Amino acid sequence: MILHNRMYSIIVLCILCSFCELTHTKLAPDFIRPCNETSRECLVKSTQDAIPEFVKGMPNLGVPPLDPFTIEKLSIPLSGLKVTFYQGKVTGFRKCIVDNVISELEKRHFVLEFHCNLTIKGAYDAVGKILLFPINGEGDAKIKLTNLRMKVDINTKYIKDNKGVNYFGLRNYKYSFDYGDRVTFDLQNLFKESKQLSDTVLAFLNENWRTVSEEFGKPIVDYAVELAIRTIEKFFLAVPYEELINVPIPS
Ligand SMILES: *[C@@H]1O[C@H](CO)[C@@H](O)[C@H](O)[C@H]1NC(C)=O
Ligand SMILES: *[C@@H]1O[C@H](CO)[C@@H](O)[C@H](O)[C@H]1NC(C)=O
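Criteria and cut-off values
- Residues numbered from 1 in each chain as written.
- Chains lettered and ligands numbered in written order.
- Predicted model: local features only at pLDDT ≥ 70, side-chain atom pairs only at ≥ 80, totals over all residues.
- Heavy atoms only, no water.
- UniProt positions renumbered as here; feature names shortened; annotations may be inferred.
- Helix = DSSP H or I, 4+ residues; strand = E, 2+ residues; numbered from the N terminus.
- Expected span 1.5 Å × (residues − 1).
- Contact = heavy atoms within 4.5 Å.
- Polar contact = N/O pair within 3.5 Å; in protein donor to acceptor, adjacent residues only side chain to side chain.
- Phe/Tyr/Trp six-rings, centres within 6.5 Å; stacked < 30°, edge-to-face > 60°.
- Buried < 20%, exposed > 50% of the residue type's maximum accessible area, 1.4 Å probe, protein only.
- Near = heavy atom within 4 Å.
- Areas by Shrake-Rupley, 256 points an atom, 1.4 Å probe, with all protein chains shown as cover.
- Patch = residues over 30% accessible without salt bridge, like charges linked within 9 Å, V, L, I, M, F, W, Y side chains within 5 Å.
- Salt bridge = Lys/Arg side-chain N within 4 Å of Asp/Glu carboxyl O.
- Lys, Arg positive; Asp, Glu negative; His and termini not counted.
- Charge placed at Lys NZ, Arg CZ, Asp CG, Glu CD.
- Nonpolar A, V, L, I, M, F, W, Y, C, P; charged D, E, K, R; others polar.
- Disulfide = S-S within 2.5 Å.
- Core = buried A, V, L, I, M, F, W, Y, C linked by side-chain atoms within 4.5 Å.

In the annotation of an unreviewed UniProt entry, the protein is listed under the name Circadian clock-controlled protein-like and assigned to Parnassius mnemosyne. Listed in UniProt under the heading Sequence similarities (unreviewed entry), the comment for the protein reads: "Belongs to the TO family."

Written out as structure tokens, the structure is:
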């Protein structure tokens, strides 16, 4: 009778275990190494280590690539000038350097600070006026950002699915950034009629890169940040909390 009971327990255990195996197959890719505590040191290191792989995208989890990513079409309406970018290809995220990560699990608050060199390549057209020059240009565009600094501040929440598995969710976010050390513009053909004028104005834009970036850049940065945040959100909703951080969820 005792033996029978034991056998019974073992069989039940085995069934339970195989069930666990089935429902708890790890979803996080191997490059995610969960921290055992929320120390800055561990969070920065594991975030830094994950970036080069994370930005390649994870099609099996529905997470798109971030390096490169494409801006199909983006219009920047300015007073007196309309600039549109087409097929912009943004590269460089894989080499971003993580400066700080704060994860306050109780406060449901997450902060990520990093800096990167990014390149945006594509085509553009511009119609209107820059300064006093009537502009009517179109051609290839290349913009390089050196040490763009960014701080993203995310309010999170915990979501439980119908199987009782926990996930990080996003409540809202805000961000701040600095154009960093240098932005260079290479915009071909600003004035269809005059190569010389095109070169002169392009040189002027580069000499005044900070002012020009502040005037033109925000829609592009907003677009990139929104896309990056939505990508991180997809990842959060696909991979359980327990696989991202090895600290119990605050009640
Ligand atoms: C967390 O602890 C486990 C078990 O001790 C260990 O294998 C793992 O490397 C630790 N994670 C980190 C990121 O240090
Ligand atoms: C960006 O490029 C500059 C100059 O080439 C270099 O000094 C800097 O370390 C780079 N920054 C990053 C985040 O790779």
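There's more to say after this.
Chemist: Before we go on, may I ask you to explain helix 3 (residues 195–207) in this structure?
Modeler: Since there are 3.6 residues in each turn of an α-helix, residues three or four apart along the chain are aligned in direction. Between its terminal C-alpha atoms helix 3 stretches 18 Å, which fits the 18 Å expected from 13 residues at 1.5 Å a residue. For helix 3, the elements touching its buried residues are strand 5 (133–160), strand 7 (182–187) and helix 4 (209–216).

Chemist: Mind showing me how you'd approach the side chain of Ser213 here?
Modeler: Its place among the elements puts Ser213 in helix 4. A polar side-chain atom of Ser213 sits 2.6 Å from the main-chain carbonyl oxygen of Trp209. What Ser213 contacts, discounting residues up to four positions off in sequence, is Tyr179, Val183, Phe185 and Lys218.

Chemist: Explain the environment of Gly122 here, please?
Modeler: Within the secondary structure layout, Gly122 lies in strand 4 (residues 109–130). For the pair formed by Gly122 and Lys73, sequence separation is 49 residues and the distance between their alpha carbons is 9.9 Å. Every residue in contact with Gly122, bar those within four places of it in the chain, is listed here: Tyr86, Gln87, Gly88, Gly139, Asp140 and Ala141.

Chemist: How should I be thinking about the packing of aromatic side chains in this particular structure?
Modeler: When we look at a pair of aromatic rings, we describe it by the centre distance and by the angle of the planes. Per the counting criterion, the structure on display carries eight aromatic pairs. Ring geometry for Phe54 versus Phe235: centroids 5.1 Å apart, planes at 85°, classification edge-to-face. You can see Phe54 sitting in helix 2 (residues 40–54) and its partner Phe235 sitting in helix 5 (residues 218–238), a full 181 residues away along the chain. Taken as a pair, Phe54 and Phe235 share a single burial class, namely buried. A ring pair is formed by Phe177 and Tyr179, whose centres lie 5.1 Å apart and whose planes are at 90°; its orientation type is edge-to-face. Phe177 gets classed as partly exposed once you look at its relative accessible area, which sits at 24%. Site record: aromatic cluster; members linked through ring pairs are Tyr158, Phe168, Phe236 and Tyr241.

Chemist: What should I look at first to understand the site of ligand 1 in this one?
Modeler: Residues in contact with ligand 1, as listed here, are Pro34, Asn36 and Cys42. With respect to ligand 1, the backbone of Pro34 contributes an N or O atom lying 3.5 Å from a nitrogen atom. In isolation ligand 1 has 360 Å² of accessible area, and contact with the protein removes 32% of it.

Chemist: What is the right way to look at a positive patch on the surface in this model?
Modeler: Where like charges cluster on the molecular surface, the positive patch consists of Lys89, Lys121, Lys142 and Lys144. Residue placement: Lys144 occurs in strand 5.

Chemist: Can you walk me through the site of ligand 2 in this structure?
Modeler: The local shell around ligand 2 consists of Ile97, His115, Asn117, Thr146 and Asn147. Measuring from an oxygen atom of ligand 2, one finds a side-chain N or O atom of Asn117 at 2.3 Å. Note that a nitrogen atom of ligand 2 is positioned 2.9 Å from one of the side-chain N or O atoms of Asn147. Here ligand 2 loses 47% of its free accessible area of 360 Å² to cover by the protein chains. At the level of secondary structure, the elements contributing two or more residues to the shell around ligand 2 comprise strand 4 and strand 5. In the shell around ligand 2, the residues fall into one nonpolar, four polar and no charged.

Chemist: Got a minute to help me understand the state of the cysteines in this structure?
Modeler: Cysteine pairs can be linked by a disulfide, which is a covalent bond between their two sulfur atoms. Throughout the structure, instances matching the rule amount to two disulfides. Across the disulfide, Cys35 is cross-linked to Cys42 (sulfur-sulfur distance 2.2 Å). Because the sign of the S-S torsion sets the handedness, a value of about -100° for the bond joining Cys35 and Cys42 places this disulfide among the left-handed ones. Accessibility expressed as a relative area gives 2% for Cys35, which makes it buried.

Chemist: Hey, could you run me through the nonpolar core in this one?
Modeler: Core analysis: the biggest nonpolar cluster contains 72 residues, and Phe185, Leu190 and Phe235 have the highest contact counts within it. Those residues in contact with Leu190 that lie beyond four places of it in its chain are Tyr124, Ile135, Asn136, Gly137, Ser198, Val201, Leu202 and Leu205.

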